[in-house]
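# Reading the structure
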Amino acid sequence: MAELHVELVAADRKVWSGEASLVIARTTSGDIGVMPGHQPLLGVLETGSITIRTTGESGEGTVVAAVHGGFISFSDDKLSLLAEIAELSDEIDVQRAERALERAKAEADAAAERRADVRLRAVAGAR
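Cut-offs used in this document
- All residue numbers refer to positions counted from 1 along the written sequence of the respective chain.
- In keeping with the predicted nature of the model, local features appear solely for residues at pLDDT of at least 70, side-chain atom pairs appear and are counted solely at 80 or more, and the whole-chain, interface and lining totals rest on all residues.
- The basis for every side-chain value is the complete set of non-hydrogen atoms in the structure, without hydrogens or water.
- Note that the domain bounds reflect an automated or database-derived domain assignment.
- When checking whether two residues touch, look at their non-hydrogen atoms; a contact exists if any pair is within 4.5 Å.
- Computed with a 1.4 Å rolling probe, the buried area is the accessible surface lost when two parts are put together, summed over both parts.
- When a carboxyl oxygen of Asp or Glu is within 4 Å of a side-chain nitrogen of Lys or Arg, the pair counts as a salt bridge.
- Numbering goes from the N terminus for both helices and strands, where a helix is a DSSP run of H or I of at least four residues and a strand is a run of E of at least two.

## Overview of the domain arrangement of the protein
What the domain assignment reports for the protein is domain 1 (4-88) and domain 2 (94-126). Here the C-alpha centroids of domain 1 and domain 2 sit 22 Å apart. At the junction of the two partners, domain 1 supplies 10 residues and domain 2 supplies eight residues. Approximately 640 Å² of surface area, both sides summed, lies buried where domain 1 meets domain 2, with 63% of it carried by carbon and sulfur atoms. In terms of surface lost to domain 2, no three residues of domain 1 exceed T47, V64 and H68, which account for 52% of the buried area on that side. The tally of links from domain 1 across to domain 2 stands at one salt bridge. Residue R119 is joined to E87 by a salt bridge in which the shortest nitrogen-to-oxygen separation is 2.7 Å. Taken together, the elements giving at least two residues each to the side of domain 1 that touches domain 2 come down to strand 5 (48-54) and strand 6 (61-75). No other element matches the five residues that strand 6 contributes to the side of domain 1 that touches domain 2.

Rendered as structure tokens:
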């Protein structure tokens with residue numbers, strides 16, 4: 001099976017690295033799926049979930065992350081996801097995200113509401 005090498009990097013750390021058969025991300029042009037052999041790509045990431053269908057030594061699985069802005073680049077079966085902020089779904093504190101969502105709704109802060117919602121969707125997408 002063909003694979004692509006994926007690097008998910010936030011401004012402050014490397015979040016995830018490994019082999020995958022498919023990555024789905026939200027860009028300013030809409031949702032995009034990248035598989036091995038995809039045409040070279042450079043795009044702007046929107047706040048949203050990224051889903052990575054993993055392959056390799058640990059077998060097939062799924063990694064889901066909440067991403068808040070950044071860039072996506074693909075060439076020669078190497079995909080780079082460079083995010084301002086990125087969190088793997090298993091790193092997200094659900095109760096804290098729920099409190100942040102309620103606070104953002106009460107303050108009518110649409111940007112904060114979107115960030116909290118994306119974090120909760122990432123957790124739900126990983127289940």
